[in-house]
Amino acid sequence: MYDLIIVGAGPAGLAAALYAGRYRLNTLILEKMAAGGQIVLSPSIENFPGFPGGISTEELTARFHKQVEDSGVKIEIAEVSAVSSHIEGGSPVFDIKTEGRPYQARGVVVAVGARAKPLGIAGETKFIGRGISYCATCDAPLFRNKDVAVIGGGDRAIEEAIFLTGYARTVYLVHRRQELRASQILVEKAKSIAKINFLLDSAVEEIQGQDKVERILVKNIKTNAAKQVSCQGVFIFVGITPNTDFLKGFLEMDEGGFIVTDQQMKASTQGVFACGDCRQKALYQVITACADGAVAAHSFHKYLVRT
Ligand code: NAP
């Protein structure tokens, strides 16, 4: 029986573990793949305080991981498929189901993060792995001296478009509005790079090709003018979907599947806390994920002392 099981080893889960370890709680992290979470899909992070000029996400993850290990918390690789609870001695005990052995804990911190949302247009599913990608860091080297399109106008799309200019010949940035949602500093950087060609007020209607991506059909939303843009790669960054399907019915979520918490990270079930990109909130950043994780561990500690 653990005091606390943290599900997910991204920045939120690792920060929760660091604090739980320092409270000397008997804590375990369950992670389905490897520590790091979504940030490992980006090459570097420029807005985490304390690292002027930025830090590679690989190095930041390694530092988080080391600090967690030093606080005495272990990570086990296991995918959690269900969480339920029963009462023992008047307090809830959580049963955590994985493909391997089951686990039990007096509390759960859900830090399962989110994944890229698909765009849902014709050709998208057909060409996954054959020109369509949701991760520039993983796939950019495949597009050396080729033309690629990036879809989206948020931080992720602009960051990844900039990264792709290190490989591709031309990067078409296709966004459905004139204004970009991304932070101004990223937009300014992207606009200063000649290789990035902005197609604004534009929607991609279809991705076409024989065996691989060869072109996209782009329609200008204001004029209805349609054109074909020749490209060999399409990178889709149109937002995130939380990895919370396995908790449906157990915790309250919003219509997008983001877990509803209070400011103490308490979820709707007593003894369960949620932090990071899987919860409903205003700002999805590494720094806010870490802050959420710290608050979740603090709230669980308070809860445990009281129950
Ligand atoms: P995001 O901020 O939600 O942006 C999604 C973009 O996709 C928006 O520009 C949106 O257009 C567009 N979009 C959504 N649905 C679309 C559709 N059906 N067709 C065409 N375009 C569509 O998502 P994100 O960029 O993936 O980032 C996720 C979160 O992580 C954000 O909160 C972001 O700030 C954060 N993040 C931060 C950093 C950083 O600070 N370094 C890096 C990466 C991510 P509209 O603008 O018109 O809605």
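Predicted model, so just to flag it, every value in this text is computed and none were measured.

## Points about the packing of aromatic side chains
Where two aromatic rings form a pair, the distance of their centres and the angle of their planes describe that pair.
(1) Moving on: Scanning the entire structure with this criterion turns up eight aromatic pairs.
(2) Moving on: Between F143 and F235 the ring centres are 5.4 Å apart and the planes differ by 75°, which places this aromatic pair in the edge-to-face class. Taken as a pair, F143 in the loop between α3 (136–139) and β11 (147–151) and F235 in strand β17 (residues 233–236) lie far apart in primary sequence, 92 residues in all.
(3) Moving on: Classification of F143 by relative accessible area gives buried; the value is 8%.
(4) Moving on: Pairing F273 with Y303 gives two aromatic rings, centres 6.1 Å apart and planes at 70°, and the pair type is edge-to-face. Of this pair, F273 sits in strand β19 (residues 272–274) while Y303 sits in helix α6 (residues 286–306), and the two are 30 residues apart along the sequence. As far as burial versus exposure is concerned, F273 and Y303 are alike and both buried.

## Observations concerning the pattern of salt bridges
(1) Moving on: According to the stated counting rule, one finds twelve salt bridges in the structure shown.
(2) Moving on: One salt bridge in this structure joins D201 and K222, with 3.5 Å as the shortest N-O distance. With D201 in the loop between β13 (196–199) and β14 (202–208) and K222 in the loop between β15 (215–220) and β16 (226–230), this pair connects stretches of sequence that are 21 residues apart.

## Digging into the side chain of R279
(1) Moving on: By the secondary structure assignment, R279 is in the loop between β19 and α6.
(2) Moving on: Classification of R279 as buried rests on a relative accessible area of 11%.
(3) Moving on: Polar side-chain contacts of R279 include one of 2.8 Å to the side chain of D292.
(4) Moving on: The residues contacting R279, other than those within four sequence positions of it, are F258, I259, T261, D262, M265, A274, Y284 and D292.

## Brief notes about the environment of I121
(1) Moving on: The topology assignment puts I121 in the loop between β9 (114–116) and β10 (132–133).
(2) Moving on: When its relative accessible area of 17% is taken as the criterion, I121 is described as buried.
(3) Moving on: Remark: the alpha-carbon pair of I121 and M33, spanning 88 residues in sequence, is separated by 29 Å.
(4) Moving on: Beyond its immediate sequence surroundings of up to four residues, I121 is in contact with V204, E205, E206 and I207.

## Some thoughts on the packing of helix α1 (residues 11–22) against α6
(1) Moving on: Viewed as axis vectors pointing N to C, α1 and α6 meet at an angle of 35°, and their least axial separation amounts to 7 Å. Here α1 and α6 pass one another in a crossing that is right-handed. Contact with α1, carried on its side by P11, A12, A15, A16, Y19 and A20, involves V286, A289, C290, G293, A294 and A297 of α6 and no other residues of that element.
(2) Moving on: The residue inventory of the contact of α1 with α6, partitioned by class, reads eleven nonpolar, one polar and no charged.

## Let's talk about the side chain of T27
(1) Moving on: Of note, T27 is situated in strand β2 (residues 27–31).
(2) Moving on: Setting aside chain neighbours within four positions, we find T27 in contact with Y2, L4, I6, A20, V73 and K74.

## So, the sheet that holds β17
(1) Moving on: Strands sit in the order β10-β17-β11-β12-β13 across an open sheet of five strands; the sheet is parallel. The sheet terminates laterally at β10 and β13, the two strands that pair on one side only.
(2) Moving on: Looking at chain direction, strand β12 (residues 170–174) and β13 are connected through four bridges and run parallel. Residue pairing for β13: V174 is matched across the bridge by L199.

## A look at the state of the cysteines
(1) Moving on: Following the criterion strictly, the structure yields one disulfide and no others.
(2) Moving on: With no disulfide of its own, C231 lies closest to C135 among cysteine sulfurs, the gap being 18 Å.
(3) Moving on: C231 sits in the buried class, given a relative accessible area of 0%.
(4) Moving on: Considering cysteine sulfurs only, C278 is the nearest to C275, which forms no disulfide, with 6.3 Å between them.
(5) Moving on: With a relative accessible area of 1%, C275 lands in the buried category.

## Describing the nonpolar core
(1) Moving on: Of all hydrophobic cores here, the largest spans 34 residues; its most connected members are I6, I29 and V109.
(2) Moving on: Broken down by secondary-structure element, the contributors of at least two residues to this core are β1 (2–7), α1, α2 (57–70) and α6.
(3) Moving on: At eight residues, α6 tops the list of elements feeding residues into this core.
(4) Moving on: Excluding anything up to four places from it in sequence, V109 contacts L4, I5, I6, V7, A16, F273, C275 and A296.
(5) Moving on: Counting residues in hydrophobic clusters, the runner-up holds 24 residues, among them I5, V7, L247 and A274.

## A closer look at the site of the ligand
(1) Moving on: In the region of the ligand, 17 residues are neighbours, and N47, D155, E159, R177 and R181 sit closest.
(2) Moving on: Measuring from an oxygen atom of the ligand, one finds a side-chain N or O atom of R176 at 2.9 Å.
(3) Moving on: Considered class by class, the residues forming the shell around the ligand number four nonpolar, seven polar and six charged.

Basis of the calculations
- Residues numbered from 1 in each chain as written.
- Predicted model: local features only at pLDDT ≥ 70, side-chain atom pairs only at ≥ 80, totals over all residues.
- Heavy atoms only, no water.
- Phe/Tyr/Trp six-rings, centres within 6.5 Å; stacked < 30°, edge-to-face > 60°.
- Helix = DSSP H or I, 4+ residues; strand = E, 2+ residues; numbered from the N terminus.
- Buried < 20%, exposed > 50% of the residue type's maximum accessible area, 1.4 Å probe, protein only.
- Salt bridge = Lys/Arg side-chain N within 4 Å of Asp/Glu carboxyl O.
- Polar contact = N/O pair within 3.5 Å; in protein donor to acceptor, adjacent residues only side chain to side chain.
- Contact = heavy atoms within 4.5 Å.
- Axes fitted to C-alpha atoms, helices over the stretch in contact; angles between N-to-C directions.
- Left-handed = near helix turned anticlockwise from the far one by under 90°.
- Nonpolar A, V, L, I, M, F, W, Y, C, P; charged D, E, K, R; others polar.
- Pairing = 2+ DSSP bridges.
- Disulfide = S-S within 2.5 Å.
- Core = buried A, V, L, I, M, F, W, Y, C linked by side-chain atoms within 4.5 Å.
- Near = heavy atom within 4 Å.

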